[in-house]
Amino acid sequence: MKWTLLLFCLACHSTNDSSSASNADNDRPNIIFMMADDLGWGDVGFNGNAWVKTPALDQMAREGIVFSRFYAAAPVCSPTRGSCLTGRHPFRYGVFFANRGKMEPEELTMAEYLQGKGYRTGHFGKWHLGTLTNDENDANRGGRDSAHYAPPWENGFDICFSTESKVPTWNPMITPDADAGDVGKNKPGTPFGTFYWNEKGKKINDNLEGDDSRVIMDRVIPFIEDQVSNEAPFFAVVWFHTPHLPVLTGEKYRNLYKGQSTDLQHYYGAISAMDEQICRLNARLKELNIDKNTLVFFTSDNGPEGKTRANRTQGSTGGFRGRKRSLYEGGIRVPGIAVWPAKIKGGRQTDYPAVTSDYFPTVLDILGERNQFPVRPIDGISLMEALNGDTQVRPVPIGFQSEEQKAWIDNQYKLFVRNGQPPELYDLLNDPFETKDISGEHPDQLKKMEKLISDFVNSCTASERGADYN
């Protein structure tokens, strides 16, 4: 049994020489954004985890480029997701934390932009940028306050198979045992209370059993097949729920980790189940002869859940300080891969600091519209020079805000500020685990970064008040 997943993925990744770059000359690549939920930097094989089995992701790492310093724009889910679609820091439009704010109609999402370029667009999995119904209680906020209503189909997505927020990673519509974590007051075996909705605002009731990543991928692949049949470029956002609590998996995937604790069997098993579906997707791209000219990004929305590795919060930061909800590295440094065989030389790793806000500017650059942002200020930058291997030096720093925390990261230094506490300065090149505060040794650098982060915060505040839409 332990070899089942590995053999499956070896078959998925076997090279088909007939898969020529027939559409590699197309100047409109297909685009897929995949994102795990609460997956830590150290929860994948390609970042050095010797226990977890992620052969599909490891193969993508070999075929593409790995960002050793890839950052989620926030240490929690919703803000990061908004940054992926807008290229802007979520504090500019009021998505301050999970279950707060929504995607504002004035914001231009990448889906809306790509629709204007002839792309077909699809969202699959977790949305968490607004509620999906005003008619009944759903998930965390749905049906309770119409002010939160902002579904993906009103933000540029033609096809949807979406939930507002979390679901169990196995049998997603059914409340699992409390051991899975974060089940609230629901009784095991009863409806979980978060539903899948389509682009017509209709609830989906079929094919919802077993592994949630498989449930999602069963909708992704037909969407891609339809676009290939219609000879249309596509943009697919695939936001898995794995390995967010409640986390559990089936016997097949637990058996991959015999000898481990029950909690670790479920946690790693859910990740391997997700990896199997990524393998399935990659295999279908090859079979459809579109893999060469399909740009695929994979990342996580933030670091792993829990104050420590305990119970079902078994995620690993790879040794980085902090976890989910923290602006220390463990809360925001996440796995990052980009694969585009037609344009990106594979088998490389870069120390270039990149962030989820960079996705939209990168796509604009690819389509020949670099720096042509309809809504400004923009926080992300194009990654094409880094993807091409032309540089490992980021020209502008990355700013972060989350509740009482702020951070400012450049190529070497990081400023960390918590309200009411003295500022902290770290040398990430020589101290990536943030063990030594060097603010007293570098007062000039500290002062410089404090000024820059103050300007950034003031700019975000002005944006959130509507200044960017005037």
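A quick note: this is a predicted structure, and the numbers were derived from the prediction, not measured.

Conventions and cut-offs
Residues numbered from 1 in each chain as written. Predicted model: local features only at pLDDT ≥ 70, side-chain atom pairs only at ≥ 80, totals over all residues. Heavy atoms only, no water. Helix = DSSP H or I, 4+ residues; strand = E, 2+ residues; numbered from the N terminus. Rg over C-alpha atoms; globule rule 2.2 N^0.38 Å. Buried < 20%, exposed > 50% of the residue type's maximum accessible area, 1.4 Å probe, protein only. Contact = heavy atoms within 4.5 Å. Lys, Arg positive; Asp, Glu negative; His and termini not counted. Charge placed at Lys NZ, Arg CZ, Asp CG, Glu CD. pLDDT = per-residue confidence, 0-100. Phe/Tyr/Trp six-rings, centres within 6.5 Å; stacked < 30°, edge-to-face > 60°. Salt bridge = Lys/Arg side-chain N within 4 Å of Asp/Glu carboxyl O. Pairing = 2+ DSSP bridges. Expected span 1.5 Å × (residues − 1). Axes fitted to C-alpha atoms, helices over the stretch in contact; angles between N-to-C directions. Parallel < 35°, antiparallel > 145°, perpendicular 65-115°, else oblique. Nonpolar A, V, L, I, M, F, W, Y, C, P; charged D, E, K, R; others polar.

### Quick look at the overall build of the protein
Okay, so step 1: The secondary structure content of the protein amounts to 11 helices and 16 strands.
Okay, so step 2: Taken against the 2.2 N^0.38 rule, which gives 23 Å for 470 residues, the C-alpha radius of gyration of the protein at 21 Å falls within 12% of a compact globule.
Okay, so step 3: Structurally, the protein occupies a C-alpha span of about 60 × 50 × 45 Å along its principal axes.
Okay, so step 4: Taken across its 470 residues, the protein has 62% of its residues classed as buried.
Okay, so step 5: Counting contacts in the protein only where the partners sit at least 6 residues apart, residues at least 24 apart contribute 72% of the total.
Okay, so step 6: Averaging the locations of the 52 positively and 61 negatively charged side chains of the protein gives two centres separated by 2 Å.

### Remarks on the confidence of the model for the protein
Okay, so step 1: Looking at the protein, pLDDT values average 94 and 94% of them are 70 or higher.
Okay, so step 2: For residues 1-8, every residue scores under 50 in pLDDT, and the model assigns this stretch 15 contacts once sequence neighbours within four places are set aside.
Okay, so step 3: Confidence drops under pLDDT 50 across residues 13-25; counting only partners more than four residues distant or on other chains, this segment forms 24 contacts.

### With respect to unusual backbone geometry
Okay, so step 1: The linkage connecting Thr242 with the following residue, Pro243, adopts the cis geometry, with an omega of -5 degrees.
Okay, so step 2: Inspection of the secondary structure assignment puts Pro243 in the loop between β7 (234-239) and α6 (251-254).
Okay, so step 3: Omega for the bond connecting Leu245 with Pro246 falls within 30 degrees of zero, at -5 degrees, which places this linkage in the cis form.
Okay, so step 4: Mapped onto the elements, Pro246 comes out in the loop between β7 and α6.
Okay, so step 5: Phi is positive for Asn207, which is not a glycine, with a value near 55 degrees.
Okay, so step 6: Here Asn207 lies in the loop between β6 (197-198) and α5 (212-229).

### So, the packing of aromatic side chains
Okay, so step 1: Per the counting criterion, the structure on display carries 23 aromatic pairs.
Okay, so step 2: Both rings, one in Phe67 and one in Phe70, keep their centres 5.8 Å apart while their planes meet at 65 degrees; by these two values the pair is edge-to-face. In terms of burial, Phe67 and Phe70 fall into one category: buried.
Okay, so step 3: Between Phe157 and Phe235 the ring centres are 6.2 Å apart and the planes differ by 25 degrees, which places this aromatic pair in the stacked class. Pair noted here: Phe157 is in the loop between β4 (120-126) and β5 (159-163) and Phe235 is in strand β7, with a separation of 78 residues, a long-range link. Judged on exposure class, the residue Phe157 and its partner Phe235 are both buried.

### So, the pattern of salt bridges
Okay, so step 1: Tallying each qualifying case throughout the model produces 29 salt bridges.
Okay, so step 2: The partner of Asp379 in a salt bridge is Arg92, and the shortest N-O contact between them spans 2.7 Å. Residue Asp379 is found in the loop between α9 (359-366) and α10 (384-387), and its partner Arg92 is found in the loop between α3 (77-86) and α4 (110-115); the two are separated by 287 residues along the sequence. Of the two residues, Asp379 and Arg92, both sit in the buried class.
Okay, so step 3: Lys436 serves as the salt-bridge partner of Glu441, at 3.2 Å between the closest nitrogen and oxygen.
Okay, so step 4: A network of salt bridges, in which partner residues are shared, links Asp37, Arg81, Lys126 and Asp301.

### As for the environment of Ile398
Okay, so step 1: If you trace the backbone, Ile398 turns up in strand β13 (residues 398-402).
Okay, so step 2: With a relative accessible area of 4%, Ile398 lands in the buried category.
Okay, so step 3: Placed 13 residues apart in sequence, Ile398 and Asn411 show a C-alpha to C-alpha distance of 9.4 Å.
Okay, so step 4: If sequence neighbours within four positions are ignored, Ile398 has contacts with Tyr71, Pro353, Ala354, Val355, Ala407, Trp408 and Ile409.

### Comments concerning the sheet that holds strand β9 (residues 333-334)
Each strand in a sheet pairs with its neighbour through backbone hydrogen bonds, running either in the same direction (parallel) or in the opposite one (antiparallel).
Okay, so step 1: The mixed open sheet is built from 3 strands, whose spatial order is β9-β3-β12. Each edge of the sheet is formed by a strand with only one pairing partner; in this case those strands are β9 and β12 (354-355).
Okay, so step 2: Pairing between strand β3 (residues 70-71) and β9: 2 bridges, direction antiparallel. When the sheet's bridge partners are listed, Tyr71 is paired in β9 with Arg333.

### Details of helix α7 (residues 262-287)
Okay, so step 1: Taking 1.5 Å of rise per residue, 26 residues should cover 38 Å, and α7 covers 37 Å from first to last C-alpha, within 8% of that figure.
Okay, so step 2: A positive phi of about 65 degrees marks Asn289, the residue just after α7.

### Section: the packing of α5 against α7
Okay, so step 1: Running from N to C, α5 and α7 cross one another at 10 degrees; their axes reach a closest spacing of 9 Å. Considering their axes alone, α5 and α7 lie roughly parallel with respect to each other. Together, Ser213, Arg214, Met217, Asp218, Val220, Ile221, Ile224 and Glu225 of α5 and Ala273, Met274, Gln277, Arg280, Leu281, Arg284 and Leu285 of α7 make up the contact between the two elements.
Okay, so step 2: Its residues placed into classes, the contact of α5 with α7 shows 8 nonpolar, 2 polar and 5 charged.

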